[in-house]
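Structure at a glance
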Amino acid sequence: MKAQPKTDDMRNIGRFALFGAVAVALYAALHGGGHEATPRWVVAFAGIAMFLLLLSRSHREFVLPPAKLILSWALFILWAGVSTIFSADIDISMGELLMYFGLFAFGFIAFSIPENERDISNLLTALLIACAVVTIAGWYIFLIGRFAIDGGPEMVRHFVGTFYWKNPMASFLILFFPLALAFSLEGDIRRRFLCILLAILMLGGLVLTRSRAGWISAIVALIALFAPAVAAKFDKSKLAVLATILVLGIALGLLLSPEGVIFERVASISEIHTADLSDDQSTMERVEMLSASLDIVADYPIFGVGTRAWPAVRGLYLGHLKYLPRFPHNAYLRAATENGIPGFILLCIALLLTFVPLWRRCFGDGASLVSAGIAAGTTGLFIHMAVDIGSVYSLSLI
């Protein structure tokens, strides 16, 4: 029998890598959002392994991201490696550095593999399916905590999902709710219906996190970036769908929250700037962590204390809190404390070079709602990063 000619199986491998990236992200989200070591190791090794697989089996050149984009992230990771040499916890820092490489590999795969709009649409659809799994799991956990558990910590009656804490769950919803909203307004009618249901559940969950910073971040991002895109494509049917999602999502959150709690949280937002900080525990704690982080930066301005090594030195600087938080609730300050001022600057440059082009597309001719949804989600996340969650988790979501 005549041998069959060899064919390039790059496309199949590329699809495997793309959907493998979504599967790994889903695993990390269901495994606490990546704050434990196991999911971070999975992200690191899966990303690097898939990248090497593509390199070994590919017979064509990759579509490379812009050179300035590659350079900016490469310099940030390189500096994180340098700061690891001076780390207060070198084992933790080495593991985190490997995860940076895994994330970089996944980012390269997501940019280079899709060949057309259909590939991108399929990737985003897979991502929304993963978001639906996490959101449904979050509702299951919330309903158990709300109606089946008496006593225990109050956090179980927040919408904490698989992240076990309201702030990272709020960040997840902030990032992906605008994307679900965008798919609810355009595209295939069956997918639109499912995305409408998902958007309602995500918005209701965001309300039930009771995260004031999360609410503000989402509102600012949606008004600044998503609303103009909707206005540019004004359509009464789209406006009706948008209004339905917002009304039902907020109503769902209010209906299932303890009586008066959400309104008290909303009222407290306007009172923070006039009240004594000691009267609001959350605000007081963030001020204390801000002061401690600035002291750490002053003591370790160049190399920092090492990637993810903030917990190793926190006890020396947080003497007035009732507990020792894992991270300073400010991703940018965390970058400065762990990688020094140079690491902080490199991170900001990399983020700006990555997302400014996307933000510009929201205001250009022919801007799509999907682009606006992605831009609004990332912007909301960047705002939330200033008051909640750790930088590694934020970058993992991106």
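Within each chain, residue numbers correspond to sequence positions counted from 1 in written order. The predicted origin of the model limits local features to residues at a pLDDT of at least 70 and limits the giving and counting of side-chain atom pairs to 80 or more, whereas totals for whole chains, interfaces and linings rest on all residues. Side-chain calculation: all heavy atoms of the structure are included, whereas hydrogens and water are not.

1. Considering the overall build of the chain
As a reminder of what qualifies: Labels follow the DSSP assignment, with helices taken as runs of H or I lasting at least four residues and strands as runs of E lasting at least two, numbered in each case from the N terminus. Any residue under 20% of the maximum accessible area for its type is buried, any over 50% is exposed, and the rest in between are partly exposed; the area is computed with a 1.4 Å probe on protein chains only. We call two residues in contact whenever any of their non-hydrogen atoms come within 4.5 Å of each other.
A count of helices and strands for the chain gives 15 helices and zero strands. The 398 residues of the chain split such that 49% are buried. Summarising the internal contacts of the chain: among those between residues at least 6 apart in sequence, 77% fall at separations of at least 24.

2. Structural notes on the pattern of salt bridges
Short version of the rule: Salt bridges are identified by distance alone: a Lys or Arg side-chain nitrogen within 4 Å of an Asp or Glu carboxyl oxygen.
Summed over all chains, the structure comprises three salt bridges. E96 is the salt-bridge partner of R40, the closest N and O atoms lying 3.0 Å from each other. One end of the pair, R40, is in helix α2 (residues 37–57); the other, E96, is in helix α4 (residues 90–112), with 56 residues separating them in the sequence. We classify E96 as buried; its relative accessible area is 1%. The salt bridge partner of E338 is R334, with a shortest N-O separation of 2.9 Å. With E338 and R334 both in helix α13 (residues 331–361), this residue pair falls four residues apart, about one helical turn. Residue E338 is classed as buried on the basis of its relative accessible area of 1%. Because the salt bridges share partners, they merge into one network encompassing R40, E96 and R308.

3. Notes on helix α3 (residues 67–85)
How we decide: Every helix has an expected span of 1.5 Å times one less than the residues it contains. Summarising the geometry, the arc corresponds to the directions from the helix axis toward the C-beta atoms.
A rise of 1.5 Å per residue sets the reference length of α3, with its 19 residues, at 27 Å; its end C-alpha atoms lie 27 Å apart and thus fit the reference within 8%. Restricting attention to buried positions, one finds in α3 the residues L69, S72, W73, F76, I77, A80, S83 and T84. What you see down the axis of α3 is that its buried residues fit within an arc of 125°, all on one side. Turned more than 90 degrees off the buried face of α3, the exposed positions are A67, K68, L71, L78 and I85.

4. Digging into the packing of aromatic side chains
What counts is decided by this rule: We call Phe, Tyr and Trp rings a pair once their centres come within 6.5 Å, taking the six-membered ring for Trp, and we label the pair stacked below 30 degrees between planes, edge-to-face above 60, and tilted otherwise. As a reminder, the over-ring test applies to NZ of lysine and CZ of arginine, requiring each to be within 6 Å of the ring centre and within 35 degrees of the ring normal.
Taken as a whole and assessed by the stated rule, the structure comprises 14 aromatic pairs. Grouped by ring-pair contacts, the aromatic residues W73, F76 and Y100 constitute a single cluster. R334 extends its terminal NZ or CZ atom over the ring of F327, reaching a point 3.8 Å from the ring centre.

5. Focus on the state of the cysteines
For the record, the criterion: Any pair of cysteine sulfurs within 2.5 Å is marked as a disulfide.
This structure, assessed with the given rule, holds zero disulfides. Between C131, a free cysteine, and C195, which holds the nearest cysteine sulfur, the sulfur-to-sulfur gap is 9.9 Å. C131 sits in the buried class, given a relative accessible area of 2%.

6. A short note on the layout of surface pockets
Condition: Cavity and pocket criteria rest on a 1 Å grid covering protein atoms alone: a 1.4 Å probe that fits but cannot get out defines a cavity, protein on both sides within 12 Å along at least 5 of 7 lines defines an open pocket, and an atom within 4 Å of a point defines a lining residue. Grid points are joined across faces, edges and corners, and a volume is the space filled by probe spheres set on the points. Residue classes follow a fixed rule: Ala, Val, Leu, Ile, Met, Phe, Trp, Tyr, Cys and Pro count as nonpolar, while Asp, Glu, Lys and Arg count as charged, and any other residue, Gly among them, counts as polar.
One number sums up the size of the second largest pocket: a volume of about 460 Å³. Those elements that place two or more of their residues in the lining of the second largest pocket are α6 (166–185), α7 (189–209), α8 (212–232), α9 (236–256) and α10 (261–271). With eight residues, the single largest contributor to the lining of the second largest pocket is α8. Of the residues that constitute the lining of the second largest pocket, the class distribution is 20 nonpolar, no polar and no charged.

7. Notes on the environment of I120
Locating I120 in the fold gives a position in helix α5 (residues 117–147). Remark: the alpha-carbon pair of I120 and A110, spanning ten residues in sequence, is separated by 8.9 Å.

8. Comments concerning the nonpolar core
Stated precisely, the cut-off is as follows: Residues belong to a common nonpolar core when they are buried Ala, Val, Leu, Ile, Met, Phe, Trp, Tyr or Cys residues joined through side-chain atoms within 4.5 Å.
Counting residues in each nonpolar core, the largest one holds 71 residues, and the members touching the most others are F172, F177, L181, M202, F226 and I245. Per element, the largest residue contribution to this core is 14 residues, and it comes from α6. Core analysis: the next-biggest nonpolar cluster, separate from the first, contains 19 residues, A17, A21, L54 and I109 among them.

9. A few points about the confidence of the model for the chain
Formally: For every residue, the predictor assigns a confidence score, pLDDT, that lies between 0 and 100.
For the chain, the average pLDDT comes to 83, and 88% of its residues sit at 70 or higher. Across the chain, the secondary-structure element scoring lowest on mean pLDDT is helix α15 (residues 391–397), at 47, and the one scoring highest is α7, at 93. In the predicted structure, residues 1–7 sits below a pLDDT of 50 and forms zero contacts with residues beyond four places in sequence or in another chain. For residues 391–398, every residue scores under 50 in pLDDT, and the model assigns this stretch 35 contacts once sequence neighbours within four places are set aside.

10. Remarks on the packing of α6 against helix α14 (residues 369–384)
Cut-off, in case you're wondering: The axes used here are C-alpha line fits, helices contributing only the stretch in contact, and every angle between their N-to-C directions lies in the interval 0 to 180 degrees. Any angle that falls under 35 degrees is termed roughly parallel, while one over 145 is termed roughly antiparallel, one within 65 to 115 roughly perpendicular, and all others oblique. Helix crossings fall into two classes, left-handed where the near helix is turned counterclockwise from the far one by less than a right angle and right-handed where it is turned clockwise.
Running from amino to carboxyl end, α6 crosses α14 at an angle of 165°, the nearest separation of the two axes being 7 Å. One finds that α6 runs roughly antiparallel with respect to α14. α14 is crossed by α6, and the crossing has right-handed handedness. Of α14, the residues touching α6 (which contributes N167, A170, S171, I174, L175, P178, L179, A182, F183 and L185) are L369, V370, G373, I374, A376, G377, T378, G380, L381 and H384. Partitioning the contact of α6 with α14 into residue classes produces 13 nonpolar, seven polar and no charged.

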